[in-house]
Amino acid sequence: MRRLLAALCLLSAAPAVADRADVPVDPELRDALRVAVEMADSFADRFDAEVWLTDMSARLARQVPDEEERMLILRLVHRHAAMFELPPELVLAVIDVESNFDRYAISYAGALGLMQVMPFWREEIGRPDDNLHDIETNLLYGCRILAYYLEKEKGDRRAALARYNGSRGQRWYPDRVFDRLSTKWYRY
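Please read all numbers here as calculations on a predicted model, not as lab measurements.

A. Quick peek at the overall build of the chain. Across its full length, the chain holds 10 helices and zero strands. Counted from the first residue to the last, the chain has its helices and strands arranged as α-α-α-α-α-α-α-α-α-α. The buried share among the 188 residues of the chain stands at 47%. Of the contacts formed within the chain by residues at least 6 apart in sequence, a portion of 51% connects residues at least 24 apart. With an accessible surface of roughly 10100 Å², the chain has 51% of that area assigned to carbon and sulfur atoms.

Written as structure tokens, this is what we have:
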């Protein structure tokens, strides 16, 4: 518990925490964070999980007000990003641009969920019943697709992001993601 409170103090520069520096920690948020940290299996250690989840939770609170859903998204983003050797902050920036963290989002082109995965992928891999509105399923698909494009583009994030969005050869989409990454999801 002292480590969590220490992490909250360290993060007092974050906008959602700085405004409440003299207010006691919300016990429900504390409990939700504790559960998320216990379940966070992709972190090097518990302290890293506490710091990252606390920091990112403060940044995501406006878009995902439900603490339980917010912690689930963050924990799964970190897990799937780590699985495919992606920076989790980059994945958060993609989600922010793609769906504004609306797990039920549907684009005009028919892409679904947080990472706006095209439904044809389910048929392509022989899993037509997969639910792309399910947070974990969507993140698994989206992170794998993004990692694949990064491999194909030999690590060129701009080119990989353009491919992810279907705007290959154009800069507008990668620029939006990089802008969101640098202004909101930057690493602490």
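B. Up close: the packing of aromatic side chains. The final tally for this structure, using the stated rule, is four aromatic pairs. Ring geometry for Phe120 versus Trp121: centroids 4.8 Å apart, planes at 35°, classification tilted. Look at Phe120 and you get partly exposed, because its relative accessible area is 43%.

C. Structural detail: the side chain of Ser167. Mapping Ser167 onto the fold places it in the loop between α9 (157-165) and α10 (172-183). Aside from chain neighbours lying at most four places away, what touches Ser167 is Ala162, Trp172 and Tyr173.

D. Spotlight on helix α5 (residues 67-83). Counted at 1.5 Å a residue, the expected span for α5 with its 17 residues is 24 Å, and the 24 Å between its end C-alpha atoms agrees. Of all 17 residues making up α5, 12 are buried, and the element is well covered by its neighbours. For α5, the complete set of buried residues consists of Glu67, Arg70, Met71, Ile73, Leu74, Arg75, Leu76, Val77, His78, Arg79, His80 and Ala81. Following α5 by one or two positions, Glu85 has its phi on the positive side, about 55°.

E. Local environment of α9. When α9 is considered as a whole, its buried residues turn out to be Ala159, Ala160, Leu161, Ala162 and Tyr164. In this fold, the buried residues of α9 make contact with α6 (88-99), α8 (135-152) and α10. Capping the start of α9 is the job of one residue whose side-chain oxygen sits 3.0 Å from the backbone nitrogen of Arg158: Asp156. Positive backbone phi, at 80°, marks Gly166, one or two positions downstream of α9.

F. View of the pattern of salt bridges. For the structure shown, the criterion picks out nine salt bridges. A salt bridge links Arg79 to Glu136; the shortest N-O distance between them is 3.4 Å. Taken together, the residues span a long stretch of sequence, with Arg79 in helix α5 and Glu136 in helix α8 at a distance of 57 residues. According to the relative accessible area criterion, Glu136 is partly exposed, its value standing at 35%. Each of Asp96, Arg180 and Lys184 takes part in a single network of salt bridges with overlapping partners.

G. The packing of helix α4 (residues 46-60) against α5, seen in detail. Between α4 and α5, the least distance of the axes is 10 Å, while the angle of their chain directions is 125°. For the element pair α4 / α5, the angle class is oblique. Note on packing geometry: the crossing formed by α4 with α5 is right-handed. In this structure, α4 uses Trp52, Leu53, Met56, Ser57 and Leu60 to contact α5, whose residues at the interface are Arg70, Met71, Ile73, Leu74, Arg75 and His78. Its residues placed into classes, the contact of α4 with α5 shows seven nonpolar, two polar and two charged.

Here is what the cut-offs are and how they apply
Counting starts from 1 at the beginning of each chain's written sequence and moves along it residue by residue. Selection of residues for local features in this predicted model requires a pLDDT of at least 70, selection of side-chain atom pairs for listing and counting requires 80 or more, and totals for whole chains, interfaces and linings are taken over all residues. Side-chain metrics in this entry use all non-hydrogen atoms of the structure; hydrogen atoms and water are not considered. Elements are defined by DSSP. Helices are runs of H or I of four residues or more, strands are runs of E of two residues or more, and each kind is numbered from the N terminus. Only protein chains enter the accessibility calculation, which uses a 1.4 Å probe; a residue whose area is less than 20% of its type maximum is buried, one above 50% is exposed, and one in between is partly exposed. Throughout, a residue-residue contact means that at least one pair of heavy atoms, one from each residue, lies within 4.5 Å. Residue-level accessible areas treat just the shown protein chains as cover; the underlying method is Shrake-Rupley with a 1.4 Å probe. Pairing of aromatic rings covers Phe, Tyr and Trp, the last through its six-membered ring, and needs centres within 6.5 Å; plane angles under 30 degrees mean stacked, over 60 mean edge-to-face, and all others mean tilted. The span you would expect from a helix comes to 1.5 Å times its residue count less one. The definition of a polar contact used here is a pair of N or O atoms within 3.5 Å, where within protein one atom must be able to donate a hydrogen and the other to accept one, and adjacent residues in sequence count solely through side-chain atom pairs. By salt bridge we mean one thing: a side-chain nitrogen of Lys or Arg within 4 Å of a carboxyl oxygen of Asp or Glu. Fitting a line to C-alpha atoms yields each axis, with helices limited to the stretch in contact; the angle taken between N-to-C directions then spans 0 to 180 degrees. Should an angle fall under 35 degrees it is called roughly parallel, over 145 degrees roughly antiparallel, and 65 to 115 degrees roughly perpendicular, with every other angle called oblique. Left-handed is the label given to a crossing in which the near helix is rotated counterclockwise from the far helix by less than a right angle, and right-handed is the label when the rotation is clockwise. Amino acids are sorted into nonpolar (Ala, Val, Leu, Ile, Met, Phe, Trp, Tyr, Cys and Pro), charged (Asp, Glu, Lys and Arg) and polar (every other residue, Gly among them).

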